[in-house]
Amino acid sequence: MSVARLTQEECSEALADLPDWALARDGSAIFRKFEFGDFIEAFGFMTGVALLAEKADHHPEWFNVYNRVEITLTTHDADGLSQRDIAMAKAIEALL
């Protein structure tokens, strides 16, 4: 399945609506760090993200240590950022 990669202009416009996210991997991904009160809060957040990801069939790359979660979104089928990443980032933000 082919997914369209966002242009540089589209990436900039999308990130204007996602101020806590930043470009990563030379513009081929977006990244955000989250910090919670404790491990249970962080794990609960990750569980919510996992349910969103499974429903969207678009899974994040992530890392967790205690109360910190780091999420990277990229679309391998687009070899970079796609609208799927932006939609997932917005859905993740809505969980907070």
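Treat the numbers as computed from the prediction; the structure is a model and nothing was measured.

1. Quick word on helix α1 (residues 8-16)
Item 1. Within α1, burial applies to Cys11, Ala14 and Leu15. Summarising the axial view, the buried residues of α1 lie within an arc of 95°, below the 170-degree limit, and thus occupy one face. Opposite the buried face of α1, at more than 90 degrees from it, the exposed residues are Glu9, Ser12 and Ala16.

2. Remarks on helix α3 (residues 83-95)
Item 1. Under the 1.5 Å per step criterion, the end-to-end length of α3 is 19 Å for 13 residues, consistent within 8% with the ideal 18 Å.
Item 2. Contacts made by the buried residues of α3 are with α1, β2 (29-35), α2 (39-56) and β4 (68-73).
Item 3. Two to three positions downstream of the cap, the backbone nitrogen of arginine 84 sits 3.1 Å from a side-chain oxygen, assigning the N-cap of α3 to serine 82.

3. Some remarks on unusual backbone geometry
Item 1. A positive phi angle, close to 50°, is found at arginine 25, a residue other than glycine.
Item 2. Along the chain, arginine 25 falls in the loop between β1 (22-24) and β2.
Item 3. Given the relative accessible area of 44%, arginine 25 is considered partly exposed.
Item 4. Although it is not a glycine, aspartate 79 adopts a positive phi angle of roughly 55°.
Item 5. Within the fold, aspartate 79 resides in the loop between β4 and α3.

Calculation notes
- Residues numbered from 1 in each chain as written.
- Predicted model: local features only at pLDDT ≥ 70, side-chain atom pairs only at ≥ 80, totals over all residues.
- Heavy atoms only, no water.
- Buried < 20%, exposed > 50% of the residue type's maximum accessible area, 1.4 Å probe, protein only.
- Helix = DSSP H or I, 4+ residues; strand = E, 2+ residues; numbered from the N terminus.
- Arc of directions from axis to C-beta.
- Expected span 1.5 Å × (residues − 1).
- Contact = heavy atoms within 4.5 Å.
- Polar contact = N/O pair within 3.5 Å; in protein donor to acceptor, adjacent residues only side chain to side chain.

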